[in-house]
Amino acid sequence: MTKATDTLIEEPILEIRNLQTSFFTDKFEVKAVDGVNFAVPKGKTLGIVGESGSGKSITSLSILRLIQNPGKVKGGEVIFKGENLLDKTEAQMRQIRGNEISMIFQEPMTSLNPVYTVGQQISESFQIHQKMSKKEAMLRSVEMLKLVGIPSPERRVKQYPHELSGGMRQRVMIAMALACDPELLIADEPTTALDVTIQAQILELMKDLQNRLGMSIIMITHDLGVVAETCDYVAVMYMGKVVEYAAVKDLFKHPKHPYTVGLLNSLPRHDIDLEDEELQVIKGSVPSPADMPKGCRFAPRCPFASEICRERLPDLEESEDGNQIRCWIYTDEWDGEPEVNVNGERTS
Amino acid sequence: MAKELLKVTDLKQYFPIKGGMLGRTINNVKAVDGISFTVYEGETVSIVGESGCGKSTTGRAILRLDEPTSGQVEFNGEDLLSLSKRQMRAKRKDLQIIFQDPYASINPRQTVRQVLEEALQIQNVVPKSERDAKIAELMEVVGLGAHQADRFPHEFSGGQRQRIGIARALSVDPKLIIADEAVSALDVSIQAQVINLMKKLQREFGLTYLFISHDLGVVRHISDRVIVMYLGKIVEMGDKKSIFDNPQHPYTKALLSAIPVPDPEPEKKQERIILQGDVPSPIDPPSGCRFHTRCPFATEKCKVDVPELRAEDYMKEGHVGACHYMKEIEEGTHKPNY
C-alpha cells in the first residue's frame, strides 16, 4: 500500500507552494486560489476534487500560466523539475506548454479548432516542438491516433472535429496532449461531458497510456468515483484552499476533514442501497467569495465548528501518516467538544 | 395494487429530417420508437440511459411539449393525445415538469413572486385574494424564506433556483411531476439537499414522480422502479432492487459496471464490462436488437430478430428485459465473445 509519506521520498515532478491567484473587479478582489500547496509525485496521479468555485480549475490554469485579465497569479511558486515556472519568460513557457506539460479540457468541441483537420492540429505540436516536416508530422499524427485507439486512423486524420463523436474528440484531445511525450499531463474534468460507458473507455485509455509512457497526471474532477478509480493521491479543495491531502485509500477509508466527510456522505451511490434513509447533507451553500469567512472557510457550514474555527484560519498540517489536514479539531488548540465524531471514528 | 396514474402505450416520437431540393422529409430521427410503461400513483419511476436514448423526449412527449408521432398516453384513464390544445393546457395543472437548467427555465426578468403568480393565475388554482398567502406558503415548503419572494432569479444560487423551479411546479397542486435531470447540474452537497426535499414533498403531498436522469446513484436513491432505455427502446424495466442487484440485459450490466465507485477498495469488486464503440445514430438504428453492435453476447440471431420485453421464470414479478439470451447468460451457458 502506498502511503503519503512516500511522497517525501519519491521525488515530486511538480511542487506548488503557497500559490495565490486572484481576480480583480472594481470593488473587490476574489481570491480564487488562496495559498495552495501540494506535490505531484513522479509517475503518479494526483486528483484535485472540489465543487464549483473551489478553485481547482484556476489552480491548473495557474500552473501553465494561462490566467488572463482580470485574473493574476499574485504569488507563490510552481516548481517543475526544480525550476519555478512563475519566473519563466513567455517564450520559455511556450516551449514547456504542450511539450513538457500538456493539458486536456472538459469540452473537446470548444478546445479543438473547427476549421482544421484533426491531423493538422496534432501535427502542429510536432512541427513546433520537434521541428518535423509537415509530412513526417502527419505520419506521426496517424501513429498517435492509433495509440489512443481510434479505428482507421489514416482516414480519421483527414477529418474535421465535427465529423467525430464526443468520445472520439476526447481521444483526439488526448492524442494532441500526448504528442510530444509530456512528463506531466493536466486533465481538467476530461470525462465530465461524456456518457458513463464512454467515460469508462477514456479512463481505461488514460491509465493504460500512463503505464506505458510513465507520465504524471493531475486529474481535476468533481466526481469522487473517478478519483477513487484513477488517483494515487488526492487534494480536496474548498474556497481556494486545500483542506485535506491524502493517499487515495486513506481519504476514502478515513476521511478527516468535516468537508470531505460531508462530500462522501452526501453522494448517492449506485452500489449501496440506503433503503429509506435520507442522504446526509452539508447544510447551507458555498459563501460568495466576496463574503469570505474570517476563520476556517468551512466553519459556517461545519457541524463541529467552535469558537476558534470562526475566528482563526487553521494551517494545513502534516500528520504522522504523512497526510495533510487543515482543521482545528486535530490540533492542540481545539476548543470544542474534546471527543469529536467526524467520520464515525472518535478523535481525541 | 395502487391505481394506474399514467399509462404509455407504444409511444413513438420521430423527428423528420428535411432535405433535398423540395425540402421533403428524407428520413426520421427515431428518438422514441414504440415504448410502453405504466406509472402508479404515489411512486417514483426513473428513466435512465445515455445521451440520445430518448429519455427526455419521452418526458416531453407525455406532456405534449412536442407532439408525439403515434401511440397512447393515458393519464387517470383519459387519453391525453386526443385532447385539444386548450384542454391539454388545462390538463397541465395535473402534470408538471422541472427542467435541468434552472437558469434557462425561469424568466430572468420576473421576480419569484411574478413567476409563481403567473402559474397560479393561468391555472386559477386559488382566488386572487389568497395568492399572496399561497406564494408565502410555497416558498416555505421548498425551504426558501417568504421574504425572498420579491427577488430576481439571479439573486439566488443554483440550488435555490432549482427550489424555485420546484415551487413553480408545486404551485398548481399537480399529481405527477416529471423531473428531467432536475438535480444533474448541482454540486453534490446541494444535490443531496434537493433530493431530500423532493422525497419529503412526495410524502407530504402524495406526489408521483417520473424521474429522468443519467445518474444511476441518484436513481437508486430516489426510485421505486427503473426503466432503462437504449436508442429509443426500453431494454429493461423492473423494481429498483432487481435492476441494480440483478440486472438481466447486457446493456444494463455494462452501464452499471461502467460507473466509477467512490471507494478504492470496494467489498464486492465488480468486473467492468467495457463497451466498444459509440452509440449508433438513431436515424438509422441497427437491425434486430439495437444493442447488438456493442453487445459482447451478440449472435447472428440478434442482428435479425427484434427482442421483445419478457420475463424469465426466475425473475421477480414486474421485472422484464429485452434480450434473447437472458437465461443463458444467467446460467453461464452463453459466453461473451471477447
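Residues numbered from 1 in each chain as written. Chains lettered and ligands numbered in written order. Predicted model: local features only at pLDDT ≥ 70, side-chain atom pairs only at ≥ 80, totals over all residues. Heavy atoms only, no water.

Across all of its chains, the model carries seven aromatic pairs over all chains by this definition. Measuring from ring centre to ring centre gives 5.2 Å for Tyr-259 of chain A and Phe-298 of chain A, while their planes differ by 65°; the resulting arrangement is edge-to-face. Of this pair, Tyr-259 of chain A sits in helix α12 (residues 258-266) while Phe-298 of chain A sits in the loop between α12 and α13 (307-311), placing them 39 residues apart in sequence. When its relative accessible area of 0% is taken as the criterion, Tyr-259 of chain A is described as buried. We classify Phe-298 of chain A as buried; its relative accessible area is 2%. Between the aromatic rings of Tyr-230 of chain B and Phe-291 of chain B, the centroid separation amounts to 5.1 Å while the plane-to-plane angle is 80°, which identifies the pairing as edge-to-face. With Tyr-230 of chain B in strand β9 (residues 225-230) and Phe-291 of chain B in the loop between α10 (250-258) and α11 (300-304), this pair connects stretches of sequence that are 61 residues apart. Overall, Tyr-230 of chain B belongs to the buried group, its relative accessible area being 2%. Within the aromatic cluster, the residues linked to one another by ring pairs are Tyr-238, Tyr-259 and Phe-298 of chain A. The ring of Tyr-330 of chain A carries Lys-256 of chain A above its face, with NZ or CZ at 5.8 Å from the centroid. (Phe/Tyr/Trp six-rings, centres within 6.5 Å; stacked < 30°, edge-to-face > 60°. Helix = DSSP H or I, 4+ residues; strand = E, 2+ residues; numbered from the N terminus. Buried < 20%, exposed > 50% of the residue type's maximum accessible area, 1.4 Å probe, protein only. Lys NZ or Arg CZ within 6 Å of the ring centre and 35° of its normal.)

Another aspect to go through is the pairing of strand β10 (residues 241-247) of chain A. Regular strands have side chains that alternate between both faces of the sheet. Residues and elements named next belong to chain A. For β10, the tally of buried residues reaches seven of seven residues, placing the bulk of the element in the interior. In terms of strand pairing, strand β9 (residues 233-238) meets β10 through six bridges, oriented antiparallel. Of the residues in β10, the one forming a bridge with Val-236 is Glu-244. If you look at the hairpin formed by β9 and β10, you'll find two residues sitting between the two strands, and Met-239 has a positive phi there, around 45°. Of the strand pairs in this sheet, β10 and strand β12 (residues 324-325) are connected by two bridges, and their pairing is antiparallel. Counterpart to Glu-244 in the pairing with β12 is Ile-325. (Pairing = 2+ DSSP bridges.)

The biggest cluster of nonpolar side chains holds 70 residues, and the ones touching the most others in it are Ile-122, Ile-174 and Met-206 of chain A. When residues of this core are assigned to their parent elements, the largest contribution, seven residues, is made by helix α8 (residues 166-178) of chain A. Each of domain 1 (1-100 + 182-286) and domain 2 (110-179) of chain A contributes no fewer than three residues to this core. Beyond its immediate chain neighbours, meaning those up to four positions away, Ile-174 of chain A contacts Ile-104, Val-148, Ile-202, Leu-205, Met-206 and Leu-209 of chain A. If you look at the next biggest cluster of nonpolar residues, it comprises 38 residues, including Ile-98, Val-115, Ala-149 and Met-198 of chain B. (Core = buried A, V, L, I, M, F, W, Y, C linked by side-chain atoms within 4.5 Å. Domains from an automatic or database assignment. Contact = heavy atoms within 4.5 Å.)

If you look at the interface, chain B gives 40 residues, while chain A gives 43 residues. Our count for the contact surface shared by chain B and chain A stands at five salt bridges. Residues Glu-265 of chain B and Lys-253 of chain A are paired through a salt bridge, measuring 2.6 Å at the closest nitrogen-oxygen approach. Here chain B is connected to chain A by 16 residue pairs in polar contact (both at pLDDT 80 or more). (Salt bridge = Lys/Arg side-chain N within 4 Å of Asp/Glu carboxyl O. Polar contact = N/O pair within 3.5 Å; in protein donor to acceptor, adjacent residues only side chain to side chain.)

On to the pattern of salt bridges, then. What the rule picks out here adds up to 38 salt bridges over all chains. Among the salt bridges present, the one from Lys-74 of chain A reaches Glu-29 of chain A, with a minimum N-O distance of 2.6 Å. Note that Lys-74 of chain A is positioned in strand β4 (residues 71-80) and Glu-29 of chain A in strand β2 (residues 29-41), a separation of 45 residues in sequence. Arg-272 of chain B is the partner of Glu-229 of chain A in a salt bridge, and the nearest nitrogen-oxygen pair spans 2.7 Å. Separated into two different chains, Glu-229 of chain A in helix α10 (residues 224-230) and Arg-272 of chain B in the loop between α10 and α11 make up a pair that spans both. Several salt bridges converge on common partners, so that one network encompasses Asp-273 of chain A together with Arg-220, Lys-240, Lys-241 and Asp-245 of chain B.

A residue-level look at chain B finds 99% of positions with pLDDT of 70 or above and a mean pLDDT of 92. For chain B, helix α3 (residues 102-105) of chain B is the element with the lowest average pLDDT, namely 80, and strand β3 (residues 44-48) of chain B is the one with the highest, namely 98. (pLDDT = per-residue confidence, 0-100.)

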